[in-house]
Amino acid sequence: MEAIASACMDLSGIDLDRVPSHIGCIMDGNGRWAAKRGLPRTEGHAQGEHALFDTLEGALELGIEWFTVYAFSTENWKRPKEEVRFLLNFNQEILDRRAEDLHERDVRIRFIGRNNWRVPKRLVRRMDEAAEKTRFNKTMTFTIAFNYGGRAEIVDAVRALVSEGVEANKITEAAIAKRLYDHSMPDPDLLIRTSGENRLSNFLTWQSAYSELYFTDVLWPEFGRDQLADAVREYQHRERRFGAV
Ligand code: FPP
């Protein structure tokens, strides 16, 4: 088990009383990071794991209560078979390597996505074990979006409403929100995407209606606690009006 490195980050200019409660993160650019170095894409993902756990360490130090990452999208099945197989194993290995350490840090691990569809049973078992072991932890909820698609999540919520026989006039925003994969998860205040791509690619589609968006050219393997701090500084300069004036 690899322990999370101890924290040491520059918090200057950050008001710790106004940090986002929930940050979502699209960890993009692993493949390009590797290609730039003449390495296989899998090396980019391996480096991406270090980036993720350095970022998580920063999030803990900042006191972020909810942190959600896009680990595998419903569209990722379209990648070459070998990369899909690698990513499935890779995610399982990360849980094996890191779940205990996260548990010791009082982090609650949760999953959102269609885990009953195409995901190997052994991986689903590991996910269930990690979620079960950490379910009473309080310091942070770390949600892993796995086999996740925002539109699929809305479709699944609507299917639930229909199968429950909910009448058309009872279908409200609250009724849909209640049937999302984790209805207790607050909407993200800040969504980060790395690697210079300026879109959300089906991540937290329902929940991101009023999120602040932060795009950076940094490739995910080069992201970490300092880049997270930059994103939070930028967030604290934004004015959030939620449709009001
Ligand atoms: C995007 O880079 C990244 C991914 C598809 C996977 C990222 C996953 C992790 C870092 C592990 C997370 C796992 C857990 C269990 C928390 P890309 O391959 O799309 O890069 P490219 O756009 O440069 O090709």
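Check the entry above for the structure.
Let me begin by describing the structure that accompanies this report. Remember, predicted model here, so these are calculated numbers, not experimental data. Counting restarts for each chain: residues are numbered from 1 in the order of the written sequence. The predicted nature of this model means local features are confined to residues of pLDDT at least 70 and side-chain atom pairs, given and counted, to a pLDDT of 80 or more, with totals for whole chains, interfaces and linings taken over all residues. Only hydrogens and water are set aside when side-chain values are computed; all heavy atoms of the structure are taken into account.

So, on to the site of the ligand. Inspection of the region around the ligand gives 17 residues, with Asp28, Arg32, Arg41, Arg79 and Asn91 positioned closest. In the analysis that follows, any N or O atom pair within 3.5 Å is treated as a polar contact, provided that within protein one partner can donate a hydrogen and the other can accept it, and provided that, for residues neighboring in sequence, both atoms belong to side chains. Between the ligand and Arg32, the relevant distance is 2.7 Å, taken from an oxygen atom to a main-chain nitrogen or oxygen of the residue. At 2.7 Å, a side-chain N or O of Arg79 approaches an oxygen atom of the ligand. A helix here means a DSSP run of H or I that spans at least four residues, while a strand means a run of E at least two residues long, and both kinds are numbered starting from the N terminus. For the shell around the ligand, the secondary-structure elements that each account for two or more residues are α1 (30–36), α2 (41–62), α3 (81–104) and β4 (140–148). Top element by residues in the shell around the ligand is α2. It accounts for four residues. Lys, Arg, Asp and Glu make up the charged group, whereas Ala, Val, Leu, Ile, Met, Phe, Trp, Tyr, Cys and Pro make up the nonpolar group; the residues left over, Gly among them, are polar. Across the shell around the ligand, the residue classes tally to seven nonpolar, six polar and four charged. Each residue is tested against the molecule or strand, and it is near if at least one of its non-hydrogen atoms lies within 4 Å.

Another point: the pattern of salt bridges. Every case where a carboxyl oxygen of Asp or Glu lies within 4 Å of a side-chain nitrogen of Lys or Arg is listed as a salt bridge. Taken as a whole, this structure holds 25 salt bridges when the rule is applied. Residues Arg37 and Glu222 are paired through a salt bridge, measuring 3.0 Å at the closest nitrogen-oxygen approach. Of the two residues, Arg37 sits in the loop between α1 and α2 while Glu222 sits in the loop between β6 (212–215) and α7 (225–236), which places them 185 residues apart along the sequence. Burial here depends on accessible area, computed with a 1.4 Å probe over protein chains only, as a share of the maximum for the residue type. Under 20% is buried, over 50% is exposed, and the range in between is partly exposed. By relative accessible area, Glu222 is classed as partly exposed at 37%. Where Arg126 meets Asp96, a salt bridge forms, and the shortest distance between an N and an O atom there is 2.8 Å. One end of the pair, Arg126, is in helix α4 (residues 121–133); the other, Asp96, is in helix α3, and 30 residues separate them in sequence. Assessed through its relative accessible area of 26%, Arg126 is described here as partly exposed. The class of Asp96 is partly exposed, set by a relative accessible area of 42%. Counted as one network, the salt bridges with shared partners bring together Asp28, Arg32, Arg193, Glu197 and Arg199.

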